[in-house]
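Survey of secondary and tertiary structure
Chain by chain, the residues run as shown.
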Amino acid sequence: MDASPELQLQSTAPLLRKKRKRFSFFILFAGIAVFVAAAGALYFALRPETLRIAVGPSNSDDQKLIQALAATFTRQRTAIRLAPIPTDGPTESLALLGADRADLAVARADLDMPADAQSVAILRKNVVVLWSPSGLPAKRSKKAPVPKIKTLEDLAGHRLGVIGTTKANVTLLRVILSESGIDPEKVTVVQFSIQKINEMARDTSIDAFMSVGPLDSKITSEAIAATARERGEPKFLPIDVSDAIAQKHPAYQSEEIPGSTFNSSPARPEDKIETVGVNHLIVARRELSETAVGEFTRQLFSVRQALARELPGAANIATPDTDKDAALPAHRGAAAYIDGTERTFLEKYSDFIWGGLLLLSGLGSAGAWFRSYLRRDEKAKSVGLRDRVLALSALARDGKSTDQLRDMQREVDAIIRETLEAYDDGAIEEGDLSAFGLALEQFHRAVADRHEALDEVG
């Protein structure tokens, strides 16, 4: 009998097992690579994102608020963190934003904004407060002093003290005067820093005063009290054209100052007065991620009340106008949070998820095909081994001697060993092994029958 099949089997088996091991290592390394890639993607997706925010000047209420906000985010380990960038003031903050050296900036809405700046939140609403001193009553006189400036029109030809050194306040004053029909050139403006309020109050050459700040501004209240102490009770000057100013200058709004806002006894003012307001904002560039801005806005408003216990000014934080025709449009991330249109995780990434599933399915199919392609030789070999067992079954029925049957059995034993090793290595599937079992059973039956026949003959 030709023993070449067994010799061929013994010579090719190590090579086949080596190829299968290589393929198994390839699959293992591919799996590790996919796991590392997925873990890396998850790490970058979940790590905190830091936004640079420009704010100034140093030691201002704005800077203190942003620093407290940054500390709160860090303490709570939120998804968005803040990295404050100190500046000399809002003008420099906006310059950094426009140069892409900051992600956010704190500034007044009436300053020159970068072309792509959009609002994220209102830190506070500032209102203009204009007043003139009534003068101190003369000794032993029962006649109440009368202020020489009773309306805005009376400001022409007089000096006005403006609290704060920013040019924005002077620009706003000129808008108010122009819209009120007053030549701004006829009003002399003198600016005082907030550290020189008492000096301003004692300066008798100043006929009226102006402050721009929130209704609960400590600076405004102290300035009014100082001028009342030095120059007599204030006469508040209403801005009757506030509606017209708001229509012509979208950065400003028409506002009212309620009675007794700055003092209750005596009431300052005695009744509500019309004025002009301007928002103090956190702004971002349009290109900043919608997800990052939306999460920052959510975090900001979630800590606002807690932050107000440390910094009362935080209570003034409000949502910006999300109308599409707003003077300064709201960033889409902030608008989504405010309007309740934020997309869920699945809504944001459903396309990526389905695309990933389709990709994995395609890779799985490709991997199965590639595996089948690499194992085509092993598959053909297993079919050949099974056919060889069937052929040996036919030969066994005509076996000439017990020795010949024993040689056949040794060859089948080698085939069984190789088939089981191939099955363990995954080269053949369970269905192939079942078919091989049927062929093997037929061989054993043929050998047993032939042994009986030879015994009878012997």
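Residues numbered from 1 in each chain as written. Predicted model: local features only at pLDDT ≥ 70, side-chain atom pairs only at ≥ 80, totals over all residues. Heavy atoms only, no water.

**Things to note about the nonpolar core**
Rules: Buried residues of nine kinds, namely Ala, Val, Leu, Ile, Met, Phe, Trp, Tyr and Cys, make up a nonpolar core once their side-chain atoms join them within 4.5 Å. Accessibility here uses a 1.4 Å probe with only protein chains present; expressed as a share of the type maximum, an area under 20% marks a residue as buried, one over 50% as exposed, and anything in between as partly exposed. Secondary structure counts use DSSP, requiring at least four H or I residues in a row for a helix and at least two E residues in a row for a strand, with both numbered from the N terminus. Throughout, a residue-residue contact means that at least one pair of heavy atoms, one from each residue, lies within 4.5 Å.
Val128, Leu160 and Met210 are the most contacted members of the largest nonpolar core, which totals 39 residues. Of all elements in the fold, only α3 (90-98), β3 (104-108), β4 (117-133), β5 (159-163), α4 (167-179), β7 (208-213) and β12 (273-285) reach the threshold of two or more residues within this core. Once residues within four sequence positions are removed from consideration, leucine 160 is found in contact with Leu130, Leu155, Leu173, Val187, Thr188, Val189, Val190, Ile206, Ala208, Phe209 and Met210. Within the second largest apolar cluster, 30 residues are counted, among which are Leu51, Leu65, Ile80 and Ala121.

**A few points about the pattern of salt bridges**
The cut-off we apply is this: Note on definitions: salt bridges are taken to be side-chain nitrogens of Lys or Arg within 4 Å of carboxyl oxygens of Asp or Glu.
Applying the stated criterion to the full structure yields 19 salt bridges. Salt-bridge contacts for glutamate 256 lead to lysine 272; the nearest nitrogen and oxygen are separated by 3.9 Å. Of this pair, glutamate 256 sits in strand β9 (residues 252-257) while lysine 272 sits in the loop between β11 (267-268) and β12, placing them 16 residues apart in sequence. Beyond isolated ion pairs, a larger network of salt bridges with shared partners links Asp100, Asp116, Arg285 and Glu287.

**Some details on the layout of surface pockets**
As a reminder, the rule being used: A cavity here means a set of 1 Å grid points, computed over protein atoms only, where a 1.4 Å probe fits but cannot escape. A pocket is an open set with protein on both sides within 12 Å along at least 5 of 7 lines, and lining residues have an atom within 4 Å of a point. Grid points are joined across faces, edges and corners, and a volume is the space filled by probe spheres set on the points. Residues are grouped as follows: Ala, Val, Leu, Ile, Met, Phe, Trp, Tyr, Cys and Pro are nonpolar; Asp, Glu, Lys and Arg are charged; all remaining types, including Gly, are polar.
By volume, the largest pocket is sized at about 1400 Å³. Surrounding the largest pocket, 44 residues form its lining, Ser60, Asp61, Asp62, Arg124 and Ile219 being those nearest its centre. Looking at the lining of the largest pocket, the elements that each hand over two or more residues are α2 (61-76), α3, β4, α4, β7 and α6 (218-231). No other element matches the 4 residues that α2 contributes to the lining of the largest pocket. Looking at the lining of the largest pocket residue by residue, the classes come out as 14 nonpolar, 20 polar and 10 charged.

**Things to note about the packing of aromatic side chains**
Our working definition: Two aromatic rings, drawn from Phe, Tyr or Trp (for Trp, its six-membered ring), form a pair once their centres lie within 6.5 Å of each other, and the interplanar angle then sorts them: stacked below 30 degrees, edge-to-face above 60, tilted otherwise.
All chains considered together, the criterion is met by 4 aromatic pairs. Considering the side-chain rings of phenylalanine 301 and tyrosine 337, the 6.2 Å spacing of their centres and the 20 degrees angle between planes classify their relative orientation as stacked. Of this pair, phenylalanine 301 sits in helix α8 (residues 290-308) while tyrosine 337 sits in helix α9 (residues 332-339); the two residues are 36 residues apart in sequence, bridging distant segments of the chain. By relative accessible area, tyrosine 337 is classed as partly exposed at 26%.

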